[in-house]
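Now for the letters of each chain:
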Amino acid sequence: MTVTILRNASVLDAADGTLTPGQSVAVEGDRIADVGPGLTGPDDAVLLDVGGRTVMPGLIDAHTHPAIVDQDVFGLAEWPPTYVAARASRVLAGMLARGFTSIRDVGAGEIGLARAVEEGYFTGPRLFYGGKQLTQTGGAGDWRAPSRQVYDANYYSPAIGVICDGVTEVRRAVREEVRRGAHHIKVYLSGAVDSPSDRVDSTQFSVEELTAIVEEATAANIYVAGHAYTSRAINRGLRAGVRSIEHGNLMDDSSIPLFKEYGAFYVPTIVTYQALADRARDGLLPADIEVKLRAVIDGALGALELAHAAGLPIVYGTDLFADTHDRQLQEFVIRSQVQPPADLIRSATTTAARLLQREGELGVVAPGAIADLLVIDGNPLDDIRVLTTPDQTLKLIMKAGQLYKNEL
Ligand SMILES: [Zn+2]
């Protein structure tokens, strides 16, 4: 097994929010073998002098849609899935180049994409996927135009959702995703901004359906992520056992005790609303979607402030799609209005790893962890912006012990 040793490193500990200079990081195969001063290896070990730069864990984006490759998300559902996969490969490569070594796909990504990355056919981050998002008829993932009756239930049409109503159908929908290896289940707890027929302040699915969804996921040892904007929808989801709340822009303080009681995670995705607002400014958004956008965009930072002040586990997420993925690191800048750098780094490393149930394996530079490593010019604990200019400041990318960039 190849041994690589990164020497002269300042190792970032995300949990403590500290940087320790004068360290070496030894990598054997796909794992970190050791961390400490002056490590040596076998004669054929590859030695890399990082010149005192920061060595930190690879980033995790816990709310992504690499398979939503076009702004016309409804038209996309008619595209050949092989063509969508080809375009998704470019999105995935871009994410890895920004320093994201793991992502959680919360809609449309599935086993084929994950396997293509894992086996090296596509270059990209490790993919944790949930397959189709569960949606009720007329819910946020029901992308039929009002005049369309038929829904193409072909799993491999590139639509984001699977329509299911009633306890029997939602159980089957979860079991189908489990059958395809889902790492989690994604469910719409409320309307969405980009959906054709619902309201962001609605609630979706009955309590009985939500309870059944969580029960089926729990039976398979996976968890449920819930899309919601208002506390009315968030609180129903939390009480049913949903483990992460996505977006949550219109959350009020009634949700805080429930997050704590159930040990749930909060995944804001503020940058995507800014990307949509820019499209609206350029006259590229339909009027009804623009109205919904305005309702959620003002609440986003306030919800983040509320969650941060309450000490909730906050996870990095972006929710970008189509041609907006180049903003993936801007979420750090937006959130830095509320959160200090150490918290921001934890949100994309240790806290995200806990959400993914990969604590100690991902998001840390420690013996036994998967060797996902970045070398950064600068100290992100002082200035988070050094993470947002990968062309200049990201000098090395390693995923599972394999080098994808080396500009040392
Ligand atoms: Zn999303």
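See above for the structure.
This one's a predicted model, so the numbers in the text were calculated from it and none came from an experiment.

1. With respect to the coordination of the zinc ion
So, point 1. Distances from the zinc ion to its protein donors, namely His63 (NE2), His65 (NE2) and Asp319 (OD), fall within the range 2.0 to 2.2 Å.
So, point 2. Binding-site remark: the zinc ion is held by donors from one chain whose sequence spacing is H-x1-H-x253-D. Of this pair, histidine 63 sits in strand β6 (residues 59-64) while aspartate 319 sits in the loop between α10 (299-309) and α11 (330-335), and the two are 256 residues apart along the sequence.
So, point 3. A relative accessible area of 1% means that histidine 63 is categorised as buried.
So, point 4. Assessed through its relative accessible area of 12%, aspartate 319 is described here as buried.

2. Side note on empty space enclosed by the protein
So, point 1. All told, the structure shown has two cavities of 30 Å³ or more when counted by the stated rule.
So, point 2. Volume-wise, the largest cavity comes out at about 230 Å³.
So, point 3. In this structure, the largest cavity is lined by 20 residues; those nearest its centre are His65, Asp194, His247, Asp319 and Phe321.
So, point 4. Every element with two or more residues in the lining of the largest cavity is listed here: β11 (184-188), β12 (223-230) and α8 (270-281).
So, point 5. Ranked by residue count, the leading element in the lining of the largest cavity is α8, at three residues.
So, point 6. Across the lining of the largest cavity, the residue classes break down as eleven nonpolar, six polar and three charged.
So, point 7. Taken as a whole, the second largest cavity spans an internal volume of roughly 40 Å³.
So, point 8. Every residue along the wall of the second largest cavity is listed here: Gln71, Thr272, Ala275, Leu276, Arg279, Phe321 and Thr324.
So, point 9. Residues that form the lining of the second largest cavity fall into these classes: three nonpolar, three polar and one charged.

3. Quick word on the layout of surface pockets
So, point 1. Its volume calculated, the largest pocket comes out at about 380 Å³.
So, point 2. Along its surface, the largest pocket is lined by 18 residues, and Ala114, Glu118, Arg126, Leu127 and Lys399 are the ones closest to its centre.
So, point 3. When residues of the lining of the largest pocket are traced back to their parent elements, those giving at least two are α3 (111-118), β8 (126-129) and β17 (402-406).
So, point 4. Per-element tally for the lining of the largest pocket: the top contributor is α3, with five residues.
So, point 5. Tallied by class, the residues present in the lining of the largest pocket amount to nine nonpolar, three polar and six charged.

4. Notes on the packing of α8 against helix α9 (residues 287-297)
So, point 1. Where α8 meets α9, the closest approach of the two axes is 10 Å, and the angle between their N-to-C directions is 140°. What the angle tells us is that α8 and α9 run oblique. Every pair of crossing elements has a handedness; the one defined by α8 and α9 is left-handed. Of the residues in α9, those in contact with Tyr273, Gln274, Leu276, Ala277 and Ala280 of α8 are Glu290, Leu293, Val296 and Ile297.
So, point 2. In the contact of α8 with α9, the residues fall into seven nonpolar, one polar and one charged.

5. Examining the environment of glutamine 133
So, point 1. Secondary-structure assignment places glutamine 133 in strand β9 (residues 133-135).
So, point 2. The buried category is assigned to glutamine 133, whose relative accessible area is 2%.
So, point 3. Through-space distance from the C-alpha of glutamine 133 to that of glycine 29 is 35 Å; in sequence the pair is 104 residues apart.
So, point 4. When near neighbours in sequence (up to four residues on either side) are disregarded, glutamine 133 contacts His65, Val106, Gly107, Ile160, Gly161, Val162, Lys186 and Tyr188.
So, point 5. Separated by 3.3 Å, the side chains of glutamine 133 and tyrosine 188 make a polar contact.

6. A look at the packing of aromatic side chains
So, point 1. Under the criterion given, the structure shown has seven aromatic pairs.
So, point 2. If you follow arginine 180 out to its NZ or CZ, it ends over the ring of tyrosine 155, 3.6 Å from the centre.

7. Let's talk about helix α5 (residues 207-219)
So, point 1. If you check α5, its first and last C-alpha atoms are 18 Å apart, about what 13 residues at 1.5 Å a residue would give, namely 18 Å.
So, point 2. What α5 keeps buried is the set Glu209, Leu210, Ala212, Ile213, Val214, Glu216 and Ala217.
So, point 3. Contacts made by the buried residues of α5 are with β9, α4 (166-179), β11, β12 and α6 (231-240).
So, point 4. The positive-phi residue at the C-terminal boundary of α5 is asparagine 221, with phi of around 60°.

8. Digging into the pairing of β6
Each regular strand shows side chains that alternate between the opposite faces of the sheet.
So, point 1. For β6, the buried fraction is high: six of the six residues fall into the buried class.
So, point 2. Bridge count for β6 against strand β7 (residues 100-105) is four bridges, and the pairing is parallel. Considered in β7, the bridge of threonine 64 is made with aspartate 105.

9. Description of the sheet that holds β7
So, point 1. Overall, parallel pairing links the three strands, which are arranged β6-β7-β8 in an open sheet. Pairing within the sheet leaves two strands with one partner each, and these edge strands are β6 and β8. Neighbour to neighbour, the strand axes of the sheet diverge by 20° on average, direction disregarded.
So, point 2. Docked against the sheet, helix α2 (residues 81-97) engages β6, β7 and β8, running at close to 130° with respect to β7.

10. A look at the environment of tyrosine 121
So, point 1. In this fold, tyrosine 121 is placed in the loop between α3 and β8.
So, point 2. Taking the C-alpha atoms as reference points, tyrosine 121 and alanine 300, 179 residues apart in sequence, are found 37 Å from one another.

The rules we used
Residues numbered from 1 in each chain as written. Predicted model: local features only at pLDDT ≥ 70, side-chain atom pairs only at ≥ 80, totals over all residues. Heavy atoms only, no water. Donors = N, O, S within 2.8 Å, 3.2 Å for Na, K, Ca; no water. Helix = DSSP H or I, 4+ residues; strand = E, 2+ residues; numbered from the N terminus. Buried < 20%, exposed > 50% of the residue type's maximum accessible area, 1.4 Å probe, protein only. 1 Å grid on protein atoms, 1.4 Å probe; cavity = no way out; pocket = protein on both sides within 12 Å on 5 of 7 lines; lining within 4 Å. Points joined across faces, edges and corners; volume = space filled by probe spheres on them. Nonpolar A, V, L, I, M, F, W, Y, C, P; charged D, E, K, R; others polar. Axes fitted to C-alpha atoms, helices over the stretch in contact; angles between N-to-C directions. Parallel < 35°, antiparallel > 145°, perpendicular 65-115°, else oblique. Left-handed = near helix turned anticlockwise from the far one by under 90°. Contact = heavy atoms within 4.5 Å. Polar contact = N/O pair within 3.5 Å; in protein donor to acceptor, adjacent residues only side chain to side chain. Phe/Tyr/Trp six-rings, centres within 6.5 Å; stacked < 30°, edge-to-face > 60°. Lys NZ or Arg CZ within 6 Å of the ring centre and 35° of its normal. Expected span 1.5 Å × (residues − 1). Pairing = 2+ DSSP bridges.

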